[in-house]
Amino acid sequence: LLNQYCGDCHTGDDAQAGIRLEKFESPSQILQGRKAWLKISQQIEAGIMPPAQSEPIPATEKVKILEFIQAATSAVNCVK
């Protein structure tokens, strides 16, 4: 879903706002970039992203994206 709704603007060398989603390939990388992901979540939740000229995220898919971000950014490795 992130690729579908965010990939056009947030991948590659010319990624908007410096947010390159492809650099987050693992759960640990998402945790390391937690601050960026929380901002992404806030932008999506507030309806700022995707921008008005882009395809909107349907409500059910928006919930899935926000739940993914919440789970990924609050994961804790208790083994370490």
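Residues numbered from 1 in each chain as written. Predicted model: local features only at pLDDT ≥ 70, side-chain atom pairs only at ≥ 80, totals over all residues. Heavy atoms only, no water.

**With respect to the overall build of the protein chain**
Spelled out, the test is: In DSSP terms, a helix is any run of H or I states spanning at least four residues, a strand is any run of E spanning at least two, and both are numbered starting from the N terminus. Restricting the calculation to C-alpha atoms gives the radius of gyration, and the globule rule supplies 2.2 Å times the number of residues raised to the power 0.38. Here, residues are in contact when the closest pair of their heavy atoms is within 4.5 Å. A positive count includes Lys and Arg, and a negative count includes Asp and Glu. His and the chain ends are not counted in either. Charge coordinates come from a single atom per side chain, which is NZ of Lys, CZ of Arg, CG of Asp or CD of Glu.
The helix and strand tally for the protein chain stands at four helices and zero strands. Its helices and strands in sequence order give the protein chain the pattern α-α-α-α, from N to C terminus. For the protein chain, whose C-alpha radius of gyration is 13 Å, the value lies close to the compact-globule estimate of 12 Å for 80 residues. Considering only contacts within the protein chain whose residues lie at least 6 apart along the sequence, 48% involve residues at least 24 apart. Here the protein chain carries 8 positive and 9 negative side-chain charges, and the mean point of each set is 11 Å from the other.

**Let's talk about the pattern of salt bridges**
Applied cut-off: Definition used for salt bridges: Asp or Glu carboxyl oxygen within 4 Å of a side-chain nitrogen of Lys or Arg. When accessible area is computed with a 1.4 Å probe and restricted to protein chains, residues below 20% of their type maximum are described as buried, those above 50% as exposed, and intermediate ones as partly exposed.
Counted according to the given criterion, the structure contains two salt bridges. Asp13 serves as the salt-bridge partner of Arg20, at 3.6 Å between the closest nitrogen and oxygen. Given the relative accessible area of 31%, Arg20 is considered partly exposed. Overall, the relative accessible area of 75% leaves Asp13 in the exposed class. Notably, a salt bridge pairs Glu22 with Arg20, separated by 2.8 Å at the nearest N-O pair. Via salt bridges that share partners, Asp13, Arg20 and Glu22 belong to a single interconnected network.

**Here we look at the side chain of Ser41**
With respect to the element layout, Ser41 can be found in helix H3 (residues 34-45). Taking relative accessible area as the criterion, Ser41 reaches 13% and is therefore assigned buried. The contacts of Ser41, once residues within four sequence positions are left out, are Leu66 and Ile69.

**A word on H3**
We count it as follows: In this analysis, the expected span of each helix is defined as 1.5 Å times one less than the number of residues it contains.
Here H3 is twelve residues long and its end C-alpha atoms lie 16 Å apart, about the 16 Å a rise of 1.5 Å per residue gives. On its buried face, H3 sits against helix H1 (2-6), helix H2 (27-32) and helix H4 (59-73). Two residues or fewer past H3, Gly47 is found with a positive phi of approximately 80°.

**Focus on the nonpolar core**
Threshold: We call a set of buried residues a nonpolar core when its members are Ala, Val, Leu, Ile, Met, Phe, Trp, Tyr or Cys and they connect through side-chain atoms within 4.5 Å of each other.
Core analysis: the biggest nonpolar cluster contains 15 residues, and Leu2, Leu21, Trp37, Ile40, Ile44, Ile65 and Ile69 have the highest contact counts within it. The set of elements that each furnish at least two residues to this core consists of H1, H3 and H4. With four residues, H4 is the single largest residue contributor to this core. For Leu2, the residues in contact, after removing those within four places along its chain, are Gly7, Leu21, Trp37, Ile65 and Phe68.

**Quick look at the environment of Asp14**
If you trace the backbone, Asp14 turns up in the loop between H1 and H2. Note on Asp14: relative accessible area 64%, which makes it exposed. In this structure the C-alpha to C-alpha distance between Asp14 and Ala59, which are 45 residues apart in sequence, comes to 28 Å.

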